[in-house]
Amino acid sequence: MGLLDKARQRSPWLIHYDCGSCNGCDIELLSCLTPLYDVERFGIVNVGDPKQADILVVTGSVNQQNKSVLKNIYDQMPEPKVVVAVGVCACTGGIFRDCYNVVGGIDKVLPVDVYVPGCPARPEQIIDGIKLAIDKLAQKDVVKEEG
Amino acid sequence: MQISLLLNVLLPFISAVIVYFLKNERMRNIVIIATALVVMASSVVIAVYGYNTFAGHPLGNINLDRWIAIGDLLLSLYILYISVSLKNAMLILLTLLQLIPMFVFENFSGANLDVLHPIYADHLSVIMNLIVSFVGTLIWIYAISYMREDEEHKGIRPSRQNRFFFILLLFIGAMNALIFSNDLIWVYFFWEITTISSFLLIGHDRTAEAKQSSTRALLLNSIGGVMFVIGIILGYHFFNTVDIQTLISHRASGMLLLPFAFLCLAAFTKSAQIPFQSWLLGAMVAPTPVSALLHSSTMVKAGVYLILRLVPAFYGSWLAGVIAIFGAFTFITASLMAISQSNGKKILAYSTIANLGLIISAAAINSPVAVAAAIMLLIFHAISKALLFLCVGTIEHGIGSRDIEDMRGLINKMPFTTLITVIGLVTMLLPPFGVLLSKWLVIETAAKNPLLVFMIAIGSALTVVYYARWIGILLSRTSSKDVVQHEKRDPFVRIPLSVLAMLSIVISVTVTSIFNGLIAPQVVEYFHRLGVIAQEGSIGTSYGGFSLWPVFLALALALLGGYVVLKGSNQYAMPYAPGESAQEYKVIKVAGKETKMPKAKVSNYYFSDVISENRLTPWLDVAAAVLIVAMFGVVIL
Amino acid sequence: MNVLNIVFRLLLALVVFPIIGGLIVGLDRKLTARLQGRYGPPILQPFYDVLKLFSKQRIIVNEFQVISVFIYLASSVLSLVLFTFQSDLLMIIFVMSIGAVFLVVGALSVKSAYSQVGAQRELMQMLSYEPLLILIIVGMYLMRGSFNIAVIMSQGRPLIEELPLLFLVMVIVLGIKMRKSPFDLSASEHAHQELVRGLLTDYSGLYLGLIDIAHWFDLMLLLGISTLFFYPHIVLGIIASLFLVILEIVIDNVTARLTVKWMLTYSYGLGLVLAAINIAVVYILR
């Protein structure tokens, strides 16, 4: 299964959802695609379709209005899948956590695998986090097969 | 032998009269089904035994010519009566233009109209007879239950079904008689019967629209009738005979082709070629069995049948060249028009016109291979198209609409009918099924003529668009949510649909045997050569070949693969929807005000701004008229 | 034709060609990245993607999707096999069209607006390239008097000498078939997004992987046809085909997506006119 594992690690497709971020993290996330960082080196593709994605990258804190949307996107992704929370808002709710409409970090709604803190998170951090997520993706599959 | 021919031709006439006077529905159905079975059986007997064996007059010494002349006169007078009661001056004029010359020609010109063998059966007539006898009678059976529902639906009291079936049965008799006639005057008589049947059946519902459409059909077909009369008289003038076999044995050229040009023009009107297409489109107001029987699989085929009969006469001439272009022109323009339609029946009507155009074009390509392809297309198209019309009729009764946009997800509501419809569409649209196989053969043969192949290539690409999207729409379904309803269908509907669907597949699988058994002998008889080898599941010419088995094998493997994977673990999900709209928000708050959410709606591309039926039709008519003028031009010059 | 020969051809069609097809797609991604000043994924990336997709959970909306995918794959495979067995070119195109139709049917069978619009656009793409492809083949027929690849290849001088404009038409056909800008409106390759994933929106996992593989077969078939233009100079033909691919990639990177009507106008206005001129010249001169 060496080849298959390798293939899984080398082809993580991610979907990005902005859950109500200030766009700081989004800009940093998108800059990962630019020539300077070029995450396509690692086979990472930013897809718009949760049905084809492996990694859900969320920025911003969850609020009452969009928590169902977030859940919905997550539910449409096929197993195995991992969730990466990018930015402090996505991790904990950040400075918005006490707002009347904010639920908190996305781990209130989804099982988060990797937390990438920062305000905004730096591209290097994000790439690091996604690398961690890729490792988790491989592990998840093994666990699933054993189970 | 004689007896099966008599049964095949005369029994429908007799049964028609019986049916007309039978008020009891049960009894009537029994008569219809019995007649259907006899007609089918007799056509098989003719097909097995009956080539060129009908020497002499079928009824011994009775002078049928006389009777047919009288019948013809009465029929013309009846049409005249209708024209007068419709108060349509044009129609009266056209009827008189048929009636008077024909009467004078038959009685006062001193012409010798005797034909040695008025009945003639070769492979072409047998093919046509099989189509009419099988498809036609299956449609009778379908019509039994359809008309019952239809009358309930429209609240027609008292029932007018006896009249309906009278014409339907009469029509099949006339069609079979037309097929076996070798005397142009006989052909003309039965030709006129089909015209009047079509008129009566289109007007069956007696609505304003039906009335208008039926008048138009009669008018345009009367133009064809006039052309037919001119063709007969000119033909006699040039060749001193009305015997079709003698006529086509002359390798005419120049002016001598004029009668054939007129007969072809008559055929164009019957086959609703552009610019005569409007009557067939209007004819769609008639009950569906009528559309299936007359306006797709049999009556309109009489036109192309006549052309296929006459092919040896103008083979290789300039006239043939122009007819080929004319047919291809109809093919491409009718296909284009079909794209702009969402009315299922109208799509089928345009597609019928297009396919008839292709048959005409192929018949005139000046190659035995193309004539073979034309006959092939005639067979396959008749079955698949009749099936599709019956399907649309059933769907219309099921959901109350014939608009394809309303057929979204029909697989959930009417699984049986939908699957049959999909079979019909696939056999019309995709190789290795017969229609496409014939189309392939036509393109390969037409390739010598770039202009022709240009039009056919674009036309067939257009065909893909309107059929493919129809299949997709029918099958749309969300398995995790939609429950397939149980579909109750009357056996009278179920049986014809299933038989036709099976037939459309079986003849595609056995295409080589059909080709060798029926089509090849006809082409050899015409041209003494063939140029096509059909064996072991492949059809080959000197410049190409189509092997069917690999394609069937690949399709079977694909279905098997799909089945195996479907058996495995799959999770059924909802279609993708971006987060929010997946939930059904009916009302949202915008700036404090509650606003209704507009429902997302997807529909096909119809390009109604570019391909506008109303705006384009006059131009196309003009272009087609130019081609017809060119047709006569090349004959006269 | 002996057994060894048959096995060789099957091997070529079923194994070698699709692998080359995958590599070309990989090259495409690499080259696109370089054109954008990026490093780009490894050449083997398409294979990693497909392998990964195979290992994902299988999610479908309805059964017809699955059947459509398999028919699409079967028809693409069969058309390439027929190509290596040098059969009738027109038949090959017809067989390929079965798959194209079913890809559309599969997408239309899903009640998602994205799939549906993608499918409708795909139909328009088919409408754009199919007549062109038929005309290319008709041009070859007019030169050689046969649709059979074996006969087309049997004569000495390369077709390109007399069919240069039809070779240009091939650029349009290949562009549409490869889903490259400006003709990538039904769904596009890799990162470009349109209508989410357009035609492919509701395919995932195994089924998306199979579609990718079928795509490699299609690509190789078209490149095979373009190589035919140069026969008997096969090496030249391969170089020209590769050049065609690179040209497509460059066009992809310097043009923007067209609307449906523009695409039809371009492919018909330009493609049909070029084809018509070329065929007319050939027809008149012969």
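About the cut-offs
- Residues numbered from 1 in each chain as written.
- Chains lettered and ligands numbered in written order.
- Predicted model: local features only at pLDDT ≥ 70, side-chain atom pairs only at ≥ 80, totals over all residues.
- Heavy atoms only, no water.
- Helix = DSSP H or I, 4+ residues; strand = E, 2+ residues; numbered from the N terminus.
- Buried < 20%, exposed > 50% of the residue type's maximum accessible area, 1.4 Å probe, protein only.
- Contact = heavy atoms within 4.5 Å.
- Expected span 1.5 Å × (residues − 1).
- Bend = angle between axes of the 7 residues up to and from the residue.
- Pairing = 2+ DSSP bridges.
- Axes fitted to C-alpha atoms, helices over the stretch in contact; angles between N-to-C directions.
- Buried area = accessible area lost by both parts, 1.4 Å probe.
- Salt bridge = Lys/Arg side-chain N within 4 Å of Asp/Glu carboxyl O.
- Polar contact = N/O pair within 3.5 Å; in protein donor to acceptor, adjacent residues only side chain to side chain.
- Nonpolar A, V, L, I, M, F, W, Y, C, P; charged D, E, K, R; others polar.

A. View of the overall build of chain C. Helix and strand content of chain C: 10 helices and 1 strand. Viewed in the frame of its principal axes, chain C has a C-alpha envelope of about 55 × 50 × 40 Å. Residues counted as buried form 67% of the 286 residues belonging to chain C. When contacts within chain C are restricted to residue pairs at least 6 apart in sequence, long-range pairs at least 24 apart make up 77% of them.

B. Spotlight on helix α5 (residues 123–154) of chain B. Residues and elements named next belong to chain B. Its 32 residues give α5 an end-to-end C-alpha distance of 43 Å, which sits within 8% of 46 Å, the value for a rise of 1.5 Å per residue. A maximum bend of about 35 degrees is found in α5 at Ala-143. Burial of α5 is extensive: 25 of the 32 residues sit out of reach of the surface.

C. Fine view of the sheet that holds strand β1 (residues 532–535) of chain B. Residues and elements named next belong to chain B. Taken together, the 3 strands give an open sheet; going across it, the order is β1-β2-β3, and neighbouring strands pair in antiparallel fashion. Every other strand in the sheet has two partners, leaving β1 and β3 (544–547) as the edge strands with one partner each. When strand polarity is set aside, the average angle formed by the axes of neighbouring strands in this sheet is 10 degrees. With 4 bridges joining them, β1 and strand β2 (residues 538–541) adopt antiparallel strand pairing. Within β2, the residue paired with Val-532 across the bridge is Thr-541.

D. Region of the structure containing helix α8 (residues 208–239) of chain B. Under the 1.5 Å per step criterion, the end-to-end length of α8(B) is 46 Å for 32 residues, consistent within 8% with the ideal 46 Å. One or two steps after α8(B), the chain reaches B:Asn240, where phi turns positive at roughly 60 degrees.

E. Fine view of the interface of chain B and chain C. Taken together, the contact pairs 66 residues of chain B with 63 residues of chain C. Interface area, chain B with chain C, both sides summed: about 5700 Å², of which 74% is carbon and sulfur. Where chain B touches chain C, the interface holds 2 salt bridges. One salt bridge in this structure joins B:Asp482 and C:Lys111, with 2.7 Å as the shortest N-O distance. Across the chain B-chain C interface, the total number found is 18 residue pairs in polar contact (both at pLDDT 80 or more). For the side of chain B that touches chain C, the secondary structure elements donating two or more residues are α17 (410–413), α19 (434–446), α20 (450–474), β3, α23 (548–567) and β4 (571–572) of chain B. If one sorts the elements of the side of chain B that touches chain C by residue count, α20(B) sits on top with 15 residues. For the side of chain B that touches chain C, the class distribution of residues is 41 nonpolar, 18 polar and 7 charged.

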